[in-house]
Amino acid sequence: MSVALTRMEDMNSTAAVLDGVVSDLAGMLRADAVGTLSDAEKLTVLLGAGKALRLLEAVVVETVASADVDFANGFGCRNLNELLQRALLTDSPGAAKVVKAADAVHREVSVTSGERLPARYPALREALLDGAVGVAGLLAATGPLERAGNRIGNADRLAADEMLAGFARGQHLPAADSDNHDSDGTDGDDLDAAGAETAGPPATPDDLRLFASEVAAVLDPDGAEPNDRNAQNGRYLSIGRPRNGLHPIRGNLLPDTAAQLQLIIDAQNNPKVGGPPHPGVAFHEEPDDEEGEGEGDGDGEDRFNTDHRNVIDPRTPGQKRHDALAAALGIAARHQDMPSLAGAAPTLVVHVDAKDFAAGTGWASVGGDATPIPVSVAAHTACTGTIQRVLFDEGRIVGITTTDRVFTIHQRRAIIARDKECLIPGCHVPAEWCEIHHVIEHARGGPT
């Protein structure tokens with residue numbers, strides 16, 4: 001009976017502490033005490049909140065780690081993940097991280113004595129309880145070691161645990177002498193603790209992940225081949241359904257594939273070549289100042305525009321990478337080593353109703369999944385490259401364009417020798433850098 005009363009008192013004490021913390025935080029927020037602080041005070045608040053957040057995560061992890069196997073079932077939940085979702089109001093991935101962190105610091109109960117045995121990562125568990133590392137940092141530190149599995153022995157794993165825990169606390173100094181005493185007779189442990197506080201800042205989860213990966217590589221030098229096989233099995237690429245006119249891309253690339261793609265994107269984004277070309281070709285009319293569209297000073301120029309030569313590329317880095325990939329795909333489709341489809345090189349087919357095309361309104365489609373796009377975008381897309389346009393009228397094909405309308409290399413050389421540079425008035429870009437267009441645009445019925 002005394003044991004039961006003691007546990008009840010402990011539970012009430014723990015709940016009272018948490019209730020007090022929640023009440024104090026809620027009162028502080030309702031009083032708007034944060035908004036009036038200076039920048040230095042706000043930084044201090046962030047540091048304190050980070051420590052409190054990590055300690056609260058430690059409370060959650062320690063609670064889950066000490067729970068019984070049927071803990072979730074006793075409260076009507078299918079598993080521990082569902083219980084954490086409902087108790088913490090988090091999502092499934094967030095609950096899964098807590099469960100994984102709890103497995104790393106779980107302490108088994110001795111069958112003979114009933115005492116708790118040391119955790120799998122005892123030093124990192126102490127760092128968690130001290131608020132030096134949170135769930136993200138604990139998983140980042142233990143992840144590479146766990147992936148190595150039994151290839152890392154128990155002694156090496158505990159040594160790595162000590163190093164990672166010290167790294168998480170910012171203790172980057174070497175240990176003291178083996179007798180734990182310096183020449184002046186002071187205690188070496190005290191000096192280590194004092195020196196560690198000034199050795200460096202605590203490690204972030206990314207720092208811990210990188211350091212743990214290096215430690216795992218040293219302790220498991222033969223683990224690259226199994227990892228490579230796992231990577232081979234995990235590679236994939238999928239193109240999702242369109243959302244708001246855009247297709248999401250998901251996947252995992254092998255390191256060599258990712259490196260090759262990065263090199264291609266870097267080559268396209270090289271400032272020496274002016275960046276990747278914009279998808280398709282489009283001409284934009286200058287705004288008419290007389291109609292009130294421009295902010296010019298009377299001579300047709302924007303007085304707020306300091307880039308009159310259009311040297312600055314307004315595209316974001318992400319947009320440039322997209323356009324670089326689009327240019328690379330266009331080059332790959334035209335390459336002689338590209339396998340053919342239906343007896344020809346991969347050719348993008350644009351489907352559009354003849355009436356819609358004539359009116360310049362409505363919808364068209366591209367690709368095999370008949371993705372709907374505006375007719376104006378279809379005309380823009382069909383303006384360059386090896387693209388075939390098909391016109392429909394109430395389901396009947398009424399017009400098919402040729403895929404050989406693109407200028408041959410001989411025609412390009414002749415046009416470059418004739419024109420020397422861009423023919424748009426005021427533009428002196430060399431002809432080698434220009435796109436070649438028909439006098440009457442092919443999209444408007446011009447001849448091939």
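Asks: Teacher, can you tell me more about the overall build of the protein chain here?
Replies: Counting secondary structure elements, the protein chain contains 15 helices and 7 strands. Split into buried and exposed, the 448 residues of the protein chain put 23% on the buried side. Long-range contacts, defined here as pairs at least 24 residues apart, represent 50% of the contacts in the protein chain between residues at least 6 apart.

Asks: Help me understand the confidence of the model for the protein chain in this model?
Replies: Close inspection of predicted coordinates is inappropriate for parts of the model with low pLDDT. Per-chain confidence: the protein chain averages 75 in pLDDT, with 65% of residues scoring 70 or above. Ranking the elements of the protein chain by mean pLDDT puts helix H8 (residues 188-199) last with 44 and helix H5 (residues 122-129) first with 96. Here residues 173-198 is a poorly scored stretch, pLDDT under 50, and it has 18 contacts once near neighbours within four places are set aside; other chains count. Low pLDDT, under 50, characterises residues 281-287; the stretch is placed with 10 contacts to residues that sit more than four places away or in other chains.

Asks: Honestly, the nonpolar core in this entry has me stumped. Any pointers?
Replies: Across soluble globular proteins, nonpolar side chains have a tendency to be buried as a group. Among the nonpolar cores identified, the biggest contains 34 residues, and Val61, Leu124, Leu128, Leu145 and Leu208 are the most heavily contacted of them. Within the residue set of this core, elements represented by two or more residues are helix H2 (39-65), helix H4 (92-105), H5, helix H6 (135-148), helix H7 (154-169) and helix H9 (205-219). With 7 residues, H6 is the single largest residue contributor to this core.

Asks: Can you help me understand the state of the cysteines in this one?
Replies: Any covalent bond linking the sulfur atoms of two cysteines counts as a disulfide. Scanning all chains against the criterion turns up 0 disulfides. With no disulfide partner, Cys422 has as its closest neighbouring cysteine sulfur the one in Cys427, 3.7 Å distant.

Asks: Honestly, the packing of H4 against H6 in this entry has me stumped. Any pointers?
Replies: Two numbers describe a pair of packed helices, the interaxial angle and the distance between the axes. Following both chains from N to C, one finds H4 and H6 inclined at 60°, their axes separated by 10 Å at the closest point. Of the possible angle classes, the one that applies to H4 and H6 is oblique. When the axes of H4 and H6 are compared, the crossing they make is left-handed. Only Val135, Leu138, Leu139 and Thr142 of H6 make contact with H4, whose side of the interface consists of Lys97, Lys100, Ala101, Ala104 and Val105.

Asks: Any chance you could explain the side chain of Arg125 here in plain terms?
Replies: With respect to the helices and strands, the residue Arg125 is situated in helix H5. Non-local contacts of Arg125, meaning those with residues more than four positions away in its chain, are made with Glu62, Val105, Arg107 and Ala119.

Asks: Would you take a moment to explain the packing of aromatic side chains for this structure?
Replies: The description of an aromatic ring pair uses the distance of the two centres, along with the angle that the planes make with each other. Across all of its chains, the model carries 2 aromatic pairs by this definition. Plain terms: the ring middles of Phe71 and Phe75 are 5.5 Å apart, the flat faces sit at 70° to each other, and that makes the pair edge-to-face. Looking at Phe71, the relative accessible area reads 31%, which means it is partly exposed. Given the relative accessible area of 57%, Phe75 is considered exposed.

Asks: What's the story with a nonpolar patch on the surface in this structure? I'm lost.
Replies: On the surface, Val17, Val21, Leu25, Met28, Leu29, Val34 and Val45 cluster together to form a nonpolar patch covering roughly 530 Å² of accessible area. The biggest single contributor to the nonpolar patch is helix H1 (residues 2-30), with 5 residues. One can find Met28 in helix H1.

Asks: Can you help me understand the pattern of salt bridges in this one?
Replies: Between side chains of opposite charge, pairing is possible as soon as their charged atoms come close. On inspection of all chains with the given rule, the structure shows 9 salt bridges. Note that Glu82 is salt-bridged to Arg86, the shortest N-O span being 3.2 Å. Remark: Arg86 and Glu82 occur in helix H3 (residues 80-88); sequence separation between them is 4 residues, near one turn of the helix. For Arg86, a relative accessible area of 59% gives the class exposed. Here Glu146 ties to Arg120 by a salt bridge, and the two come within 2.8 Å at their closest N and O atoms. With Glu146 in helix H6 and Arg120 in the loop between H4 and H5, this residue pair connects regions lying 26 residues apart in the sequence.

Asks: Explanation requested: unusual backbone geometry in the structure shown.
Replies: Across residues other than glycine, the phi torsion is negative in most instances, and most of the peptide bonds are trans. For Asp32, which is not glycine, the phi dihedral falls at a positive 55°. Summarising the element assignment, Asp32 is placed in the loop between H1 and H2. Its identity as a non-glycine residue notwithstanding, Leu89 has a phi of 55°, on the positive side. Checked against the element boundaries, Leu89 lands in the loop between H3 and H4.

Asks: What's the story with H2 in this structure? I'm lost.
Replies: Structural remark: α-helix, 3.6 residues per turn; residues separated by three or four positions point the same way. Given a rise of 1.5 Å per residue, 27 residues ought to cover 39 Å, and the 38 Å separating the end C-alpha atoms of H2 matches this to within 8%. Listing the buried residues of H2 in full gives Gly50, Ala58, Val61, Glu62, Val64 and Ala65. Buried residues along H2 sit in contact with H3, H4, H5 and H6.

Asks: Would you take a moment to explain H3 for this structure?
Replies: Every buried residue of H3 is listed here: Asn81, Glu82, Leu83 and Leu84. Where H3 begins, the capping side chain belongs to Asn79, and its oxygen is found 3.2 Å from the backbone nitrogen of Asn81. In the segment just after H3, Leu89 is the residue with positive phi, at about 55°.

Asks: Looking at this structure, I do not really get the environment of Asp91. What am I missing?
Replies: By the secondary structure assignment, Asp91 is in the loop between H3 and H4. Judged by relative accessible area, Asp91 falls into the partly exposed class, the value being 44%. Sequence spacing of Asp91 and Asn81 is 10 residues, and the spatial spacing of their C-alpha atoms is 9.0 Å. Within the structure, the side chain of Asp91 is placed 3.4 Å from the side chain of Thr90, a separation counted as a polar contact. Among the polar contacts listed, one links the side chain of Asp91 to the backbone nitrogen of Gly94, at a separation of 2.9 Å.

What counts and what doesn't
Residues numbered from 1 in each chain as written. Predicted model: local features only at pLDDT ≥ 70, side-chain atom pairs only at ≥ 80, totals over all residues. Heavy atoms only, no water. Helix = DSSP H or I, 4+ residues; strand = E, 2+ residues; numbered from the N terminus. Buried < 20%, exposed > 50% of the residue type's maximum accessible area, 1.4 Å probe, protein only. Contact = heavy atoms within 4.5 Å. pLDDT = per-residue confidence, 0-100. Core = buried A, V, L, I, M, F, W, Y, C linked by side-chain atoms within 4.5 Å. Disulfide = S-S within 2.5 Å. Axes fitted to C-alpha atoms, helices over the stretch in contact; angles between N-to-C directions. Parallel < 35°, antiparallel > 145°, perpendicular 65-115°, else oblique. Left-handed = near helix turned anticlockwise from the far one by under 90°. Phe/Tyr/Trp six-rings, centres within 6.5 Å; stacked < 30°, edge-to-face > 60°. Patch = residues over 30% accessible without salt bridge, like charges linked within 9 Å, V, L, I, M, F, W, Y side chains within 5 Å. Areas by Shrake-Rupley, 256 points an atom, 1.4 Å probe, with all protein chains shown as cover. Salt bridge = Lys/Arg side-chain N within 4 Å of Asp/Glu carboxyl O. Expected span 1.5 Å × (residues − 1). Polar contact = N/O pair within 3.5 Å; in protein donor to acceptor, adjacent residues only side chain to side chain.

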